[in-house]
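Spelled out, the chains give:
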Amino acid sequence: MTQSTTTFDTIVVTSPNQAAADAAAQGPLLDLSAFAKVISTCDPHGTRLGSGGGTLAALPRTGSKTTTLMIHAGGQSSRCPTQMTLGKAWTDLPLSGTLTNPTRQLVTQLEHLLKLPEGSLVVAASDVLLEFGDAETIDLTHVSEEMVIGLAMPAPLTTAQNHGVFAIEKEKSSTNTTCQIQTVQNFYQKPSLATMQRFSGNDGKAWIDTGVIVFLPKAAQALQSLVHDHEELNTNYTAEGLAASSGGGAKRPPKLELYSHLLQAIRTTPKQGDDENEEEEEKRWNTYKNANSKDLPLSLLQIIFQQLASLQLQVCTIPQGTFLHLGTTRELLDFYTCPEQQLLPLTKRAHVYLSQEVDDSCVILNTSITTTDSICIGEKSLVEHCHLRSANPITIGANSVVSGLRGMAADIDIPSSCILQLLPLDDDDDKYVIMYLGLNDGIKDVTNGTCFHQSWNTFLQDTQLPFTDIWENSSDASQRNLWNARIHPIVKGREALNWEP
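Reading the values: the criteria
- Residues numbered from 1 in each chain as written.
- Predicted model: local features only at pLDDT ≥ 70, side-chain atom pairs only at ≥ 80, totals over all residues.
- Heavy atoms only, no water.
- Axes fitted to C-alpha atoms, helices over the stretch in contact; angles between N-to-C directions.
- Helix = DSSP H or I, 4+ residues; strand = E, 2+ residues; numbered from the N terminus.
- Parallel < 35°, antiparallel > 145°, perpendicular 65-115°, else oblique.
- Left-handed = near helix turned anticlockwise from the far one by under 90°.
- Contact = heavy atoms within 4.5 Å.
- Nonpolar A, V, L, I, M, F, W, Y, C, P; charged D, E, K, R; others polar.
- Core = buried A, V, L, I, M, F, W, Y, C linked by side-chain atoms within 4.5 Å.
- Buried < 20%, exposed > 50% of the residue type's maximum accessible area, 1.4 Å probe, protein only.
- Pairing = 2+ DSSP bridges.
- Polar contact = N/O pair within 3.5 Å; in protein donor to acceptor, adjacent residues only side chain to side chain.

A few points about the packing of helix α6 (residues 217-228) against helix α11 (residues 298-308)
What describes two packed helices is the angle between their axes and the distance between those same axes. The contact between α6 and α11 brings their axes to 10 Å, and the two run at 150°. As judged from the angle between their axes, α6 and α11 are roughly antiparallel. Two packed elements cross with a definite hand, and for α6 against α11 that hand is right-handed. Here Ala222, Leu223, Ser225 and Leu226 of α6 lie close against α11, whose contacting residues are Ile303, Ile304, Gln307 and Leu308. Considering only residue class, the contact of α6 with α11 consists of 6 nonpolar, 2 polar and no charged.

Notes on the nonpolar core
Membership of the largest hydrophobic core comes to 47 residues, with the highest contact counts inside it found for Phe215, Leu233, Ile304 and Leu308. Apart from the residues lying within four places of it in its own chain, the contact partners of isoleucine 304 are Leu226, Leu233, Leu256, His261, Leu262, Ala265, Tyr288 and Leu296. The next biggest cluster of nonpolar side chains, apart from the first, holds 41 residues, and it includes Leu113, Met153, Val214 and Leu216.

Focus on the sheet that holds strand β19 (residues 375-377)
Across the sheet, 3 strands lie side by side as β19-β22-β25; this open sheet has parallel pairing. Each end of this open sheet is capped by a strand with a single partner; those strands are β19 and β25 (412-414). Sheet twist, expressed as the average angle between the axes of neighbouring strands with direction ignored, equals 10°. One ladder, built from 3 bridges, connects β19 with strand β22 (residues 394-396); its direction is parallel.

Concerning the environment of aspartate 445
Relative to the assigned elements, aspartate 445 resides in the loop between β27 (431-438) and β28 (450-451). You can call aspartate 445 partly exposed: its relative accessible area is 30%. Separated by 54 residues in the primary sequence, aspartate 445 and alanine 391 place their C-alpha atoms 40 Å from one another. Those residues within four positions of aspartate 445 in sequence are excluded, and the remaining contacts are Arg480 and Asn481. Polar side-chain contacts of aspartate 445 include one of 3.3 Å to the backbone nitrogen of threonine 447. Only 3.0 Å separates the side chain of aspartate 445 from the backbone nitrogen of asparagine 448, close enough to count as a polar contact.

If you want it as structure tokens, here you go:
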């Protein structure tokens, strides 16, 4: 095996859509060119292929001999709407008066942490912040090339229940103090507390998936072969295949997920030679098929299982590591404003002009606020990307997020625990969408969904609005959530800041 002179030859970043990929290529991605060749892409032809499908679709942009870092920044950021324009990969992180982002932090850390053989593929999520502490370099150049290795860190069970979790031998869970590659007994997605208590150590923690998965060279080649050698996967999960098969019409392949559809096909125990018990292999196939048959056609599942079943999934545990997920607006706000949540030495101000002093606990980024009256920003609030001028008071309540407001304001008075964002429409330079939400509203929650911190029933009763005014497909109860609600007004630029929440 040949060791690369640098950790990565190519860095691929997948974005939510082509417009976001183009914007990233012209802006924040330029900063990564010092590390490696950079490719900005997205799921082809307006499709949403899932994390696994997105991985396969981006692979033809790399080379079979290159060592690649692929960072998925393609989510809708639905639970963190102020970051949905480019994705959470480019969330501003203020360090010593300058701005960085989770993607640059991740690239920098993995460059120093991993020693990889040529031809490896590392797939990573962009909505996490990782701190590896004093972890030594993880040398994977002498590990079997058929291995797939997840990076895991300890986390409280209450945190781990919302993420992927690796189960390893119980007595090893809490005794190791150095990075070690270990056998995976099982891998769970969002396990219950009771399930984790059966395999976790006595420290009340579990090995949480960091979103970083390493495919060593033969494992990476197996992924390449899925779309190179199998027409059904090529047709659904490559730009060329989709273009050829759609006949000019829109095609929507089933979403292929990295963890449930690809990693679950990979064994967690070594293969016992070519004469492995057929009954055991059949059992693995049936478990995989039953878990995923509602998501993908049987023919696709068979190809994936046959192609990946010879690989083995292991986990590298990093006891000194710390994990933080920036999944929701609440998590993002806590990260900015609560010192105990911060993995990085964040500052409270970066690229800011204020005509008056405000509460020290609020965070203000890339913002200019000028008024001849008073400015009051409540504690633990976040104000970003705003350019405001006013002759009247500007008041923002505590624990609020305000993003993108710009122009001359007659009056601004934003309540506590709210999100207010102004977004320009890409098809009209003079029109904007105003997004106004409660900080803790469940964006995609149907059963216990809220709007402006009150239940949908209460909201509809108070406003006397019928279902048909809020939801286009009001007959489908599963779609009655805040994500699909038509409640965000479109305003002209000169009217935007006269709207009162």
